[in-house]
Structure formats: structure tokens, C-alpha cells
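Here's the letter readout for the chains.
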Amino acid sequence: MKKLFLGAALAILASAGVSSHALAAGWHYYDPDCPIAIGPKSMKFVAMQPKKNIDRECDALPDTGASVIVLDASDNELRDMNWDVRVLRAKAPDSQPDPEADAVSRQPIQKFRNGMMNFDQNFKQAGNYQLYVKLTSDDGAKSYEGRHPFSVGLVTDEEFYLYIGFGIFIVLAGGVAFTMWRQGKLFFKIPNFAKPS
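Keep in mind the model is a prediction, meaning the values are calculated, not measured. Residue numbers restart at each chain and count upward from 1, following the sequence in its written direction. Totals for whole chains, interfaces and linings use all residues, but because this is a predicted model, local features are given only for residues with pLDDT of at least 70 and pairs of side-chain atoms are given and counted only at 80 or more. Side-chain measures here rest on the full set of heavy atoms in the structure, leaving out hydrogens and waters.

So what's going on with the side chain of R86? Which residues, and what values?
Along the polypeptide, R86 turns up in strand β6 (residues 82-90). Residue contacts are defined here by distance: any two heavy atoms, one from each residue, within 4.5 Å place the two residues in contact. Setting aside residues up to four positions removed in sequence, R86 forms contacts with P99, E100, S105, R106, Q130, L131 and Y132. Segments assigned H or I by DSSP are reported as helices when at least four residues long, segments assigned E as strands when at least two residues long, and all are numbered from the N terminus.

See below:
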């Protein structure tokens, strides 16, 4: 039902002159290079649900269920460190969940010499989440930490306004159709059920 409303609203907006760039980008923030600050450095994050669609998301996975999370670090120092990667459940988009108490999954700590890792994550509940990353040198003298908030299965601000716009369109279209019917300008007649047969 949600996808039906989105598809109809997108078609309406497209016919109203929404730019092709905006439509190609989708209504979630789309960027294949979603940066996460890891101390003074950064790495790239992307989440996907390949069993449902081909979209690559930074901030909002549309549905719960099987997902894939990918991390990419081009910095050589990060590639030589031990990666501790966890998915945390957050109470709100801007909250700071505890890496121990709020972890819903944790990957084995290891090095990724090619700078890339990916793992499967099955999100059973809709809500706010956070990717927590801690990279530590072998001797423990140096450590970088970063977090990236994202949501799963929630209505984003863009979708909310899209639903509002679609609802307004339906009300206006219904009003126009009713007015045309009252004036006898519709190409078909609506039976008057108030009259006795």
C-alpha cells in the first residue's frame, strides 16, 4: 500500500514538472559515498536491501528484513588497524546508544587490508539505529571512533511531505470532479441514489 501511494505521488509530481535529477535520486538521500567521520579520518558507508530493490542508502532503509552493510576505507592507516564494527539500537535519531548495552550485532574484530568489509544484518524491528565503528592499532596506542545514525522502516520527512501532497491532490481533484458533476460537465452521470426508483 505504501509503495502504491509513493508510485502514484511520484507520477503526479513527475507530470507537474519535478526535475529528472530529483526523481533519479529517489526520496531517500542517495549517495554512493556516504562519509562517516572516524576521528580526524573518514570511511564510506552504504546500506542495501538487495532482495527488495537495488537502492543504496545512507540514512534510511525503507523496510525491515535482510540488509547488507558495506564499509570502505581508502586511508592506509585505517586498513592496518583492527576494526570493531557494531550495529546499535537507538532511542532517537540524535541519541548516543551504548556500544555494549544497545548492540544488536557485533562483527568479529579483525583487519581489512583491502579497506572494505560487508556484512549481512537482519533488522527485525523498525526504528532508529546507529553504526558504531572503532579502529585500534595493534599496540592499542592509537584509536579512532565513529558513529553513523540511520533509520529502518520509518517514514522519512520526504515521504511524509509526499503523502501530505498526495492527500491534498486527491482532495482537490475530488472537489473539481464534484463541482463538474454538479454543473453537468462530466462525461458520465453519477446516479442519484436519493431519488426513489
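I'd like a description of the environment of P40, backed by residues and values.
By the element assignment, P40 lies in the loop between β1 (34-38) and β2 (41-48). Partly exposed describes any residue whose relative accessible area lies between the buried limit of under 20% and the exposed limit of over 50%, with all areas from a 1.4 Å probe on protein chains only and scaled to the type maximum. The exposed category is assigned to P40, whose relative accessible area is 70%. Considered as a pair, P40 and Y144 are 104 residues apart in the sequence and their alpha carbons are 8.0 Å apart.

Please provide a residue-by-residue account of the pattern of salt bridges, values included.
Salt bridge criterion: a side-chain nitrogen from Lys or Arg within 4 Å of a carboxyl oxygen from Asp or Glu. In this structure the tally under the stated criterion is 9 salt bridges. Among the salt bridges present, the one from E77 reaches K142, with a minimum N-O distance of 3.1 Å. Taken together, the residues span a long stretch of sequence, with E77 in helix α3 (residues 76-79) and K142 in the loop between β9 (127-136) and β10 (143-152) at a distance of 65 residues. We classify K142 as partly exposed; its relative accessible area is 39%.

I'd like a rundown of the state of the cysteines, residues and numbers included.
Covalent bonding between the sulfur atoms of two cysteines is what defines a disulfide. Disulfide assignment relies on a single distance test, namely cysteine sulfur atoms paired within 2.5 Å. If you walk through the whole model with that rule in mind, you get 1 disulfide. Here C34 connects covalently by a disulfide to C58, the sulfurs 1.5 Å from one another. The sign of the -55° torsion about the S-S bond sets the C34-C58 disulfide as left-handed. A residue pair is termed long-range when its members are at least 10 positions apart, and C34 in strand β1 and C58 in the loop between β3 (56-57) and β4 (60-61) qualify at 24 residues. Summarising the burial analysis for this pair, C34 and C58 share the class buried.

Got a sec to walk through the sheet that holds β9? Specific residues and values, please.
Pairs of strands are assigned from DSSP output, requiring at least two bridges between the strands. Taken in spatial order, the 5 strands make up an open sheet running β4-β10-β9-β6-β7, and their pairing is mixed. Every interior strand has two partners, whereas the edge strands, β4 and β7 (103-106), have only one. The pairing of β6 with β7 spans 3 bridges and is classified as antiparallel. Note on β7: the bridge partner recorded for R86 is R106.

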